[in-house]
Amino acid sequence: MADKMIEDLESFGLVSREDVDKELWMQAARMKAEIKRISYADCFDLALTNRLQETFYSSDHHELDPISDIYPIRFIR
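Residues numbered from 1 in each chain as written. Predicted model: local features only at pLDDT ≥ 70, side-chain atom pairs only at ≥ 80, totals over all residues. Heavy atoms only, no water.

### Notes on helix α2 (residues 22-34)
Along an α-helix, residues three or four positions apart point the same way, because every turn accommodates 3.6 residues.
Okay, so step 1: Taking 1.5 Å per residue, 13 residues should reach 18 Å; α2 reaches 18 Å between its end C-alpha atoms and fits that length.
Okay, so step 2: Among the residues of α2, Leu24, Gln27, Ala28 and Met31 are the ones counted as buried. All buried residues of α2 fall inside an arc of 100 degrees around its axis, so they share one side.
Okay, so step 3: Tucked inside the fold, the buried residues of α2 contact α3 (40-52). (Helix = DSSP H or I, 4+ residues; strand = E, 2+ residues; numbered from the N terminus. Expected span 1.5 Å × (residues − 1). Buried < 20%, exposed > 50% of the residue type's maximum accessible area, 1.4 Å probe, protein only. Arc of directions from axis to C-beta. Contact = heavy atoms within 4.5 Å.)

So, in structure tokens, the structure goes:
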């Protein structure tokens, strides 16, 4: 069932990544320590976005508005 779900997501354009190295999880951990009200998932997403020098997209104003002046975040609603 999980393999089918991954196949379905990839058919929609999801890109699977396997480069969660020590540097990435350490950056995510530092973000979590500094920004208490943010989820670990968002920390990993922001760390990866930072690594790729891209913009983070989210609809979660509640957690991310307070840091949108520090990180490149674009809100989709």
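Additional details are given in the paragraphs that follow.
### So, the side chain of aspartate 42
Okay, so step 1: Assignment of secondary structure puts aspartate 42 in helix α3.
Okay, so step 2: Buried charge without a salt bridge: aspartate 42, with lysine 32 as the nearest opposite-charge side chain at an N-O distance of 9.0 Å. (Lys, Arg positive; Asp, Glu negative; His and termini not counted. Salt bridge = Lys/Arg side-chain N within 4 Å of Asp/Glu carboxyl O.)

### What about the side chain of glutamine 27?
Okay, so step 1: With respect to the helices, strands and loops of the structure, glutamine 27 is situated in helix α2.
Okay, so step 2: Apart from the residues within four sequence positions on either side, glutamine 27 is in contact with Ala47 and Asn50.

### Here's the deal with the environment of isoleucine 70
Okay, so step 1: Relative to the helices and strands, isoleucine 70 is located in the loop between α4 (61-64) and β2 (73-75).
Okay, so step 2: A sequence separation of 17 residues divides isoleucine 70 from glutamine 53, and the C-alpha atoms of the two residues are 13 Å apart.

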